[in-house]
Amino acid sequence: MSPRRGFRHPGSFGSSLPERGLLLLVLIVLLQGSLLPFGAASSPDVGHRDEADVHAEAEEKHNFTKKPFPVLSFEYKHIQVPFEISLWVLLASLMKLGFHLIPRLPGIVPESCLLILVGLLVGGLIKLAGQKVPPVLDSNLFFFCLLPPIILDAGYFLPIRPFMENLGTILMFAVVGTLWNAFFIGGLLYAVCQIQPNNPSDLHSLELLPCLLFGSIISAVDPVAVLAVFEEIHINELLHILVFGESLLNDAVTVVLYHLFEEYSGVGSVTVIDGVLGVISFFVVALGGVLVGAIYGILAAFTSRFTSHTRVIEPLFVFVYSYMAYLSAEMFHLSGIMALIACGAVMRPYVEANISHKSHTTIKYFLKMWSSVSETLIFIFLGVATVDGQHNWNWTFVTVTVVLCLVARVIGVVGLTYVINKFRIVKLTTKDQFIVAYGGLRGAIAFSLGFLLDKRHFPLRNMFLTAIIIVIFFTVFVQGMTIKPLVDLLAVKKKQEAKRSINEEIHTQFLDHLLTGIEDICGHYGHHHWKDKLNRFNKKYVKKCLIAGERSKEPQLIAFYHKLEMKHAIELVESGGGAKLSSAIPSTVSMQNIQPKKPAPAKPEDRVLPKLSKSREEEIRKILRSNLQKTRQRLRSYNRHTLLADPYEDNFGEFLLKKQKMMKWRPHLPMFVCCFNTPGTLADPQAYSMKPALDSVPTIQVDLASPQSPDSVNILDEFQRSEQAAAAEEGEDDGGLMMKAPTRPHERCNAGEMDAGTREKLSRCLSDPGPHAEDEDEDEPFLP
Amino acid sequence: MGSRASTLLREEEIEEIKKETGFSHSQITRLYSRFTSLDKGENGTLSREDFQRIPELAINPLGDRIINAFFPEGEDQVNFRGFMRTLAHFRPIEDSEKNKNTSTSEPLNSRTNKLLFAFRLYDLDRDDKISRDELLQVLRMMVGVNISDEQLGSIADRTIQEADTNGDSSISFNEFIKVLEKVDVEQKMSIRFLH
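Since we're looking at a predicted model, the values are computed, not measured.

Attention now goes to the overall build of chain B. Looking only at helices and strands, chain B features 12 helices and 4 strands. Counting all 195 residues of chain B, 45% fall into the buried class.

Residues and elements named next belong to chain A. Of the residues in chain A, 64% reach a pLDDT of 70 or more, and the chain-wide mean stands at 72. Mean pLDDT values for the elements of chain A range from 38 in strand 1 (residues 675–676) up to 93 in helix 12 (residues 314–331). The low-confidence segment residues 1–15, where pLDDT is below 50, has 32 contacts with residues more than four positions distant or belonging to other chains. When the criterion is pLDDT under 50, residues 641–653 qualifies, and its contacts beyond four places in sequence or with other chains add up to 24 contacts.

On to the packing of aromatic side chains, then. Under the definition given, this model contains 35 aromatic pairs over all chains. Arranged with centres 5.2 Å apart and planes meeting at 85 degrees, the rings of A:Phe302 and A:Phe306 form a pair that is edge-to-face. Ring centres of A:Phe319 and A:Phe366 lie 6.0 Å apart, and the angle between their planes is 50 degrees; this geometry places the pair in the tilted category. With a gap of 47 residues between them, A:Phe319 in helix 12 and A:Phe366 in helix 14 (residues 357–388) connect regions that are remote in the sequence. For A:Phe319, a relative accessible area of 12% puts it in the buried group. In this structure A:Phe366 comes out as partly exposed when scored by relative accessible area, which is 34%. Following the ring pairs from residue to residue traces out a cluster consisting of B:Tyr32, B:Phe35, B:Phe51, B:Phe70, B:Phe71, B:Phe80 and B:Phe83. Just above the ring of A:Tyr156 sits the side chain of A:Arg348; from NZ or CZ to the centre is 5.7 Å. The positively charged end of A:Lys368 is found above the aromatic ring belonging to A:Phe157, 4.3 Å away from the centroid.

Further remarks concern the pattern of salt bridges. Residue and element names in this part refer to chain A. On inspection of all chains with the given rule, the structure shows 19 salt bridges over all chains. Where Glu 246 meets Arg 409, a salt bridge forms, and the shortest distance between an N and an O atom there is 2.9 Å. Here the residue Glu 246 occupies a position in helix 10 (residues 237–267), and Arg 409 occupies one in helix 15 (residues 395–420), the gap between them amounting to 163 residues. Here Glu 246 matches Arg 409 in class, with each residue buried.

Before going further, it helps to spend a moment on the nonpolar core. A general tendency of soluble globular proteins is for nonpolar side chains to be buried together. Residues and elements named next belong to chain A. In this structure, Trp 88, Phe 142, Leu 147, Phe 230, Phe 397 and Phe 447 are the most contacted members of the largest nonpolar core, which totals 137 residues. If one sorts the elements of this core by residue count, helix 10 sits on top with 14 residues. Residue contacts for Phe 230: discarding those within four places in its chain leaves Ile 235, His 240, Val 243, Ile 435, Gly 439 and Ile 483.

Here the focus is the environment of A:Leu515. Looking at the secondary structure, you find A:Leu515 in helix 19 (residues 502–522). Judged by relative accessible area, A:Leu515 falls into the buried class, the value being 0%. For the pair A:Leu515 and A:His527, spaced 12 residues apart in the sequence, the C-alpha separation amounts to 9.5 Å. If we skip the residues at most four places from it in the chain, A:Leu515 touches A:His528, B:Phe90, B:Lys188, B:Met189, B:Ser190 and B:Ile191.

Before going further, it helps to spend a moment on the environment of A:Leu404. Topologically, A:Leu404 is positioned in helix 15. The spatial distance from the C-alpha of A:Leu404 to the C-alpha of A:Asn181 is 9.0 Å, given a sequence separation of 223 residues.

To continue, consider the confidence of the model for chain B. Residue and element names in this part refer to chain B. Mean pLDDT over chain B works out to 79, with 88% of the residues at or above the 70 mark. Considering each helix and strand of chain B separately, the mean pLDDT is smallest for helix 7 (residues 95–99), with a value of 56, and largest for helix 8 (residues 111–122), with 86. Long-range and interchain partners of residues 1–6, a stretch whose pLDDT sits below 50, account for 4 contacts in this model, where long-range means more than four residues apart. Scored as a complex, the prediction yields pTM 0.69 and ipTM 0.90.

The next thing to look at is the packing of helix 4 (residues 111–128) of chain A against helix 14 of chain A. All names here are of chain A. For the pair helix 4 and helix 14, the least separation of the axes is 7 Å and the interaxial angle reads 45 degrees. Between helix 4 and helix 14, the crossing angle belongs to the class labelled oblique. For the element pair helix 4 and helix 14, the recorded crossing hand is right-handed. Here helix 4 contributes Ser 112, Leu 115, Ile 116, Val 118, Gly 119, Leu 120, Gly 123, Gly 124 and Lys 127 to the contact with helix 14, which in turn contributes Thr 376, Phe 379, Ile 380, Leu 382, Gly 383, Val 384, Thr 386, Val 387 and Asp 388.

Procedures and definitions
- Residues numbered from 1 in each chain as written.
- Chains lettered and ligands numbered in written order.
- Predicted model: local features only at pLDDT ≥ 70, side-chain atom pairs only at ≥ 80, totals over all residues.
- Heavy atoms only, no water.
- Helix = DSSP H or I, 4+ residues; strand = E, 2+ residues; numbered from the N terminus.
- Buried < 20%, exposed > 50% of the residue type's maximum accessible area, 1.4 Å probe, protein only.
- pLDDT = per-residue confidence, 0-100.
- Contact = heavy atoms within 4.5 Å.
- Phe/Tyr/Trp six-rings, centres within 6.5 Å; stacked < 30°, edge-to-face > 60°.
- Lys NZ or Arg CZ within 6 Å of the ring centre and 35° of its normal.
- Salt bridge = Lys/Arg side-chain N within 4 Å of Asp/Glu carboxyl O.
- Core = buried A, V, L, I, M, F, W, Y, C linked by side-chain atoms within 4.5 Å.
- Axes fitted to C-alpha atoms, helices over the stretch in contact; angles between N-to-C directions.
- Parallel < 35°, antiparallel > 145°, perpendicular 65-115°, else oblique.
- Left-handed = near helix turned anticlockwise from the far one by under 90°.

What follows is the structure in structure tokens.
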């Protein structure tokens with residue numbers, strides 16, 4: 001999972017700056033803290049004022065007196081709700097910023113702890129101001145607004161392969177583990193509550209069923225808390241996916257248990273039939289949730305197939321379909337979390353093959369942004385709700401709960417691992433078990449579920465809430481803070497940061513086929529057999545329906561390879577390796593030979609660049625940028641209408657104007673022709689053609705797969721190509737987009753010469769990402 | 001099945017196979033019944049046609065190579081011992097074996113031997129190097145017919161370049177091991193032989 005945390009500022013700040021920044025932040029916090037009660041205060045007043053206004057108006061209608069026109073008026077109620085929401089969001093974001101400005105704090109204390117403290121502070125401020133704390137952790141707000149972005153982010157970027165490989169283990173932990181926790185905690189709590197007949201207290205009124213309900217609320221590992229803490233400790237993929245997968249999948253169990261016990265707590269008894277119905281309900285909830293999510297996922301994938309004309313709203317489909325999956329599942333009391341996960345995971349490979357590069361970046365950043373803000377808000381609200389809540393403190397209950405949670409978790413993990421290891425190829429060691437047990441953090445979901453309880457049925461609701469909050473605080477603070485040193489102490493294997501190489505990809509696929517073959521020989525219908533069957537089904541039927549055009553036939557290996565090459569090419573030019581490009585002429589050289597220089601800070605005196613006019617440079621930049629991005633999009637339709645309709649591309653008219661300007665420069669600079677050949681186009685000789693009008697335009701040809709120069713970047717002399725250009729189709733559209741027709745693949749353009757000056761210009765141009773922001777590389781192959 | 005009496009597995013054989021490959025008794029008997037079900041000719045050995053009769057192998061891109069891996073150099077028949085010896089490479093590595101020092105020789109399912117098996121599937125001419133052509137052949141089998149030769153060539157070039165440390169434009173066994181050091185080979189090349 002790529003980290004969602006804010007970035008660290010470069011350490012070049014003077015020592016006074018972080019302190020100043022901190023002071024500023026504290027001031028802002030106080031300001032907001034004081035504004036909020038003011039907001040809360042003004043609303044009842046305004047409410048009264050409103051009624052008064054109505055009366056006044058009624059009177060005024062009779063005797064209309066002329067008042068002076070209000071030049072400036074203040075009406076808070078008008079904007080109160082959105083204003084307060086924005087204030088909270090702003091507070092959350094500023095807090096995030098602030099923590100990373102403080103030098104050493106983020107390393108010691110996890111963010112979640114600090115955020116809860118901030119929430120406590122703000123809640124305290126509000127209370128001090130004497131105002132009523134807004135009910136921030138209202139369950140509707142939590143479940144409909146705050147939780148879905150986090151879960152969607154997790155589901156969309158879920159690493160499918162490790163998840164599926166360990167699915168059995170994850171399910172065991174999620175289902176059996178949570179059941180064990182719930183019954184163990186609930187049962188023992190009930191027993192403890194009954195054991196003091198001499199001092200009758202509130203506890204005695206606690207029946208078995210409310211205890212079990214409490215147990216089921218408190219037993220579920222929380223995905224928000226796990227994500228928040230585990231992201232900072234970078235443990236190896238296996239452990240991460242085990243704990244995280246468990247936190248996601250136990251939602252189904254929690255939903256069933258919660259509803260079951262809540263229903264029957266009123267009645268007071270549960271029969272065997274109810275138990276059986278509960279079990280059936282569990283399967284319905286879990287599988288139903290997944291089914292709903294999968295349906296919406298397929299719908300989204302299918303929709304994305306047709307979005308080539310309206311690229312701008314592509315991300316919207318992803319978000320809306322997922323959110324609707326969540327809401328639909330919640331409508332039927334199915335597991336909304338599993339629906340979201342299923343939706344994101346199902347739609348991802350197909351959507352990513354269909355959408356443009358920019359949409360992909362948009363989706364990634366929006367999801368990260370929303371989930372980050374959501375998470376911050378959740379922790380702050382936890383703090384606020386703690387200050388606000390009516391607490392019923394009962395020493396016995398709280399301490400027993402905390403102790404039981406820990407004990408139940410440890411016993412559950414150890415017992416389950418013993419059983420699971422019998423079926424696993426790679427066994428879980430004691431260290432792994434310890435981390436899994438220690439990583440069982442509780443979070444805001446438990447609190448919200450407790451908050452939902454009806455006070456009439458559960459007179460001891462406040463006691464429950466207090467205990468839940470204490471458990472959450474304990475796990476987040478104590479376990480959250482100590483897990484990092486413990487991981488270091490135990491020398492648990494950490495996440496390997498290196499990116500996947502083409503070797504690993506090829507050999508992994510090779511081994512997959514090999515293992516499938518061996519399994520078939522043994523007649524053993526194992527893991528590989530079914531995976532192979534699924535892949536084949538996917539390739540044959542599903543991909544054809546859901547992926548538009550040429551890309552449906554593209555093997556995974558090829559897609560991976562192209563991503564790699566593209567990344568390498570961009571890296572290379574960005575690091576100023578342009579000087580070596582001329583040596584890339586020999587045909588057998590691959591991109592690998594041209595190693596990007598280590599990114600050194602550019603010293604101005606090293607680069608002696610001839611003067612280029614600004615407009616010229618901007619021109620070149622725009623052309624290169626648009627072409628580099630266009631490749632990712634893999635144009636399939638190639639008539640002028642499609643190209644013209646792309647909203648990202650520049651106006652042709654604008655381009656013509658610039659062309660006039662450039663005509664002046666013709667004799668001075670060799671021009672570069674920029675075009676990309678994607679493999680899909682090789683099969684379509686008529687796919688693209690040169691535009692004759694643009695032969696004076698600088699372009700760069702990056703031939704990814706040409707017979708002469710496989711992976712090199714050819715810098716062409718455009719004059720050479722003018723005869724080919726003559727045969728080309730008249731085109732309009734944006735300034736930079738030109739595709740060369742590979743009618744005869746063997747007649748590739750020869751690389752022209754390039755002098756040092758233009759080479760450096762080229763590298764400087766390409767190094768500027770331009771106003772369309774960074775195109776960040778994806779870190780992992782999106783296809784599993 | 002009286003006619004099969006002569007080909008029934010004797011206890012001593014089971015013991016020998018157990019020692020050589022590390023399979024358990026029940027695994028050996030189970031695999032023996034699979035062996036006999038594949039052996040249509042009922043002569044105690046399997047030929048290439050017997051393997052090719054398995055439907056899923058026909059659509060496996062590496063089917064032919066896998067079948068060839070079972071047959072020792074130049075022979076056309078493989079008996080049960082050979083069958084088990086090849087399959088032994090895919091036995092999961094157990095914890096007890098991990099800690100044992102390599103006293104005599106490494107067990108067949110050690111990581112190195114697993115990788116050697118995979119390496120040999122690439123390296124058909126047994127010159128202990130994966131040359132560009134051999135890599136191209138495997139890539140072609142895995143990727144299908146839609147991709148042009150030039151593209152595959154560039155992929156092969158890049159692959160070799162990434163792995164090649166001694167500059168001989170081919171991948172030796174050591175380079176192969178090094179490239180796969182991050183991959184969890186113990187898990188990827190193991191099949192749980194449950195009964």
